[in-house]
Amino acid sequence: MSGRFVRSSKYRHVFGRPTRKEQCYDNLRISTNAWDTNLVKANPHYLSVNWEAGGGGAFAVIPLEERGKLPERIPLFRGHTAVVLDTDWNPFNDNLIASGSDDGKVMLWRVPDNFTLRPDVDADDIQDIAPVGKLSGHPKKVGHVLFNPAAENILSTASGDFTVKVWDIEAGAPKLTLKLGDMVQSQSWSANGSLLVTTSRDKKLRIWDVRQERPAHETQGHSGAKNSRSVWLGERDRIATTGFSKMSDRQLALWDIRAPREPMDGFKTLDSISGVCMPFWDDSSSILYLAGRGDGNIRYYELENDKFEYLAEYKSGDPQRGIAFMPKRGVNAHDNEITRAFKTVNDNYIEPISFIVPRRAESFQDDIYPPTIGMTPAMGPSEWFAGKEAIPPKISMASLYEGEGLQEVTGVQDKPTTTVGAPEPKPEGQPKPAEPTPVKKAPEPVPEPTPVARPAPSMKEQGASMAAMVNKFADNEEAEKVDDDSNFDEVPKPTERHTSSPSVSTSPWHKKEEQAKSNPSPIKTPTSADRSPQASTPVASTPIASTPMASALSAGAAVAADAVQREIGVIKDLISEQTKTIASQAQQMQNLTAEIESLKAKLG
């Protein structure tokens, strides 16, 4: 045996399965803009892709079922006057999407019903899709857009004006502004939608109390000059970041939002590749996926005991510039698929990659598919701006497996992820910290009774005492015989309890002692110290608590019978030894008597 310890995990053998080229999304013109973004976003029905388009900016929406080579001319989502930098799908409506552009505008779009990339019209008659809303407020480019995961119609946008704006898209106006002072590189919401984490070019990691428009915590992040990314770890009060060291080594770090001054286990070095690591978190399986920008590998880790345990790595010779992960409700549970990624290849096609738990069972695997977030928001925009915190209801993955649609299994969950307070006074609407529970004092030990010194008994007293004990056991055993013909159970008399004793035993063994005490002993009269309940020592070594259950009584009787047999054996051994001693002493007395008689005869 090698003695090597193998960590137990049901995800230890997860592997990535690529897709054949004819089943990919081919003939794309993915944007070649150098802005650091994921280029692709996915939901269970559509892909959005930043498009390389002339005459302004555009992006494409691809229905997931329309695989293969796409037509040369497809309907695009046009409206920006500059290149599109980022998009994000509404988590509660699979047909709504937001986009940010180099023109400083944020636009809202709705995917038409029965949308297809292959309409039954001539290529020249294909109509592009126009936006349904426009949000103006940033004077410079909008590089990141992200919907709130808990509240409906709340959108955060990060801009080149060094601010993050939070919009109520129903009102079409920004309600909050977070001032960072430098370019935002990434942003991620907490599961309850109350906190936002950002990384920026000044190498600072900030956790924002968004509705107070100020950072609850600000600390030094990765020290390298290249971009860093952040991702909130679902409903946990943990954050993961990727970045670079001063020596340009890629790093991974885990942060506790309650004390984020330093990462929990330091900055973990991954490798020396120059591409940014794009992190994606799967809350259902507690797996963090790291996709390198510019290389074809995707490594994944399982979070256990506040440590990232390495699982495996999906390796490919086709590098990716952009990648997206599908929400859990869109995976194929019949293939034991726990997540699905969509990676760009050579800027002209997108390849789906399924991450699968290898199992032979052909039934629903409930241990790898716990309930997941559905499509019902936890609150509306007015409730969120008023300070509410909650996690949306969850749905059953088993209902999706059986084809029964989305079925909620939980309601809105209150008080989820820990809320972080800033050094300033706590704002209104923030929950008060729980008062510490008073520690109960341990009960003081009861002082043991002082033993009473007695003179050693004589041989005659010892023999008489042992004979009395034998008679006591014999009489009690006869008294305990029960008439089998009786139809009634004898009700035991209540046992007197001593107030000075911490616990009172009511076992049959102690009943025998009480009966023995009631019979006067022919050897000696007990003194006041003997009558004291503190000075008396129970014979049974383990007191048995009285209980009305028959099983407990039978167990106590068995223990008492064993104790009686042991004591009888000890007494018999003592009697045998005392008999030998008495016989030897009698022999000595006879010898001494004979010597005395012989001496008297000589003297007489």
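Cut-offs applied
Residues numbered from 1 in each chain as written. Predicted model: local features only at pLDDT ≥ 70, side-chain atom pairs only at ≥ 80, totals over all residues. Heavy atoms only, no water. Pairing = 2+ DSSP bridges. Helix = DSSP H or I, 4+ residues; strand = E, 2+ residues; numbered from the N terminus. Axes fitted to C-alpha atoms, helices over the stretch in contact; angles between N-to-C directions. UniProt positions renumbered as here; feature names shortened; annotations may be inferred. Buried < 20%, exposed > 50% of the residue type's maximum accessible area, 1.4 Å probe, protein only. Contact = heavy atoms within 4.5 Å. 1 Å grid on protein atoms, 1.4 Å probe; cavity = no way out; pocket = protein on both sides within 12 Å on 5 of 7 lines; lining within 4 Å. Points joined across faces, edges and corners; volume = space filled by probe spheres on them. Nonpolar A, V, L, I, M, F, W, Y, C, P; charged D, E, K, R; others polar.

1. Some remarks on the sheet that holds strand 27 (residues 307-314)
Phase 1: Within the open sheet, the four strands sit side by side as 24-25-26-27. Their pairing is antiparallel. In this open sheet, the two strands that pair with only one neighbour each are strand 24 (277-282) and strand 27. Averaged over all pairs of adjacent strands, the angle between their axes in this sheet comes to 25°, without regard to strand direction.
Phase 2: As defined by bridge partners, strand 24 adjoins strand 25 (residues 287-292) across six bridges and the pair is classed as antiparallel. In the sheet register, Met-278 faces strand 25, and the bridge partner there is Ala-291.

2. So, the UniProt feature "repeat: WD" (unreviewed entry) in the protein chain
Phase 1: The UniProt record marks residues 77-119, 135-177 and 184-218 with the feature "repeat: WD" (unreviewed entry), using the residue numbering of this structure.
Phase 2: With 0% helix and 66% strand, residues 184-218 has end C-alpha atoms that lie 14 Å from one another.

3. Remarks on the environment of Val-276
Phase 1: Tracing the backbone shows Val-276 in the loop between strand 23 (268-271) and strand 24.
Phase 2: Residue classification places Val-276 among the buried residues on the basis of a relative accessible area of 12%.
Phase 3: The spatial distance from the C-alpha of Val-276 to the C-alpha of Asp-36 is 8.7 Å, given a sequence separation of 240 residues.
Phase 4: Excluding anything up to four places from it in sequence, Val-276 contacts Asp-36, Asn-227, Arg-229, Phe-244, Arg-250, Ala-291, Gly-292 and Arg-293.

4. Topic: unusual backbone geometry
Where the residue is not glycine, phi is negative for most of them; where a peptide bond is considered, it is trans in most cases.
Phase 1: At Leu-39, a residue that is not glycine, the phi angle is positive and equals roughly 70°.
Phase 2: Along the chain, Leu-39 falls in the loop between strand 2 (25-26) and strand 3 (40-42).
Phase 3: Here Asp-347, not a glycine, exhibits a phi torsion of approximately 60°, which is positive.
Phase 4: In this structure, Asp-347 sits in the loop between strand 29 (337-345) and strand 30 (349-356).
Phase 5: Given a relative accessible area of 22%, Asp-347 falls into the partly exposed group.

5. Side note on the sheet that holds strand 18 (residues 204-209)
Phase 1: Reading across the sheet, the four strands line up as 16-17-18-19 and stay open at both edges, with antiparallel pairing between neighbours. Where the open sheet ends on each side, the last strands, each with one partner, are strand 16 (184-189) and strand 19 (214-220). Geometrically, the sheet is characterised by an average inter-axis angle of 20° between neighbouring strands, direction not taken into account.
Phase 2: Inspection of the sheet shows strand 17 (residues 195-200) paired to strand 18 by five bridges, in the antiparallel sense. Each residue of the ladder has a partner; that of Leu-196, found in strand 18, is Trp-208.

6. Description of empty space enclosed by the protein
Leftover empty space is mapped by rolling, across the atoms, a probe with the size of a water molecule.
Phase 1: All chains considered together, the criterion is met by two cavities of 30 Å³ or more.
Phase 2: Thr-199, Ser-200, Lys-203, Lys-204, Leu-205, Gly-221, His-222, Ser-228, Thr-241 and Trp-255 together form the lining of the largest cavity.
Phase 3: Residue classes in the lining of the largest cavity are distributed as two nonpolar, six polar and two charged.
Phase 4: Roughly 40 Å³ of internal volume is contained in the second largest cavity.

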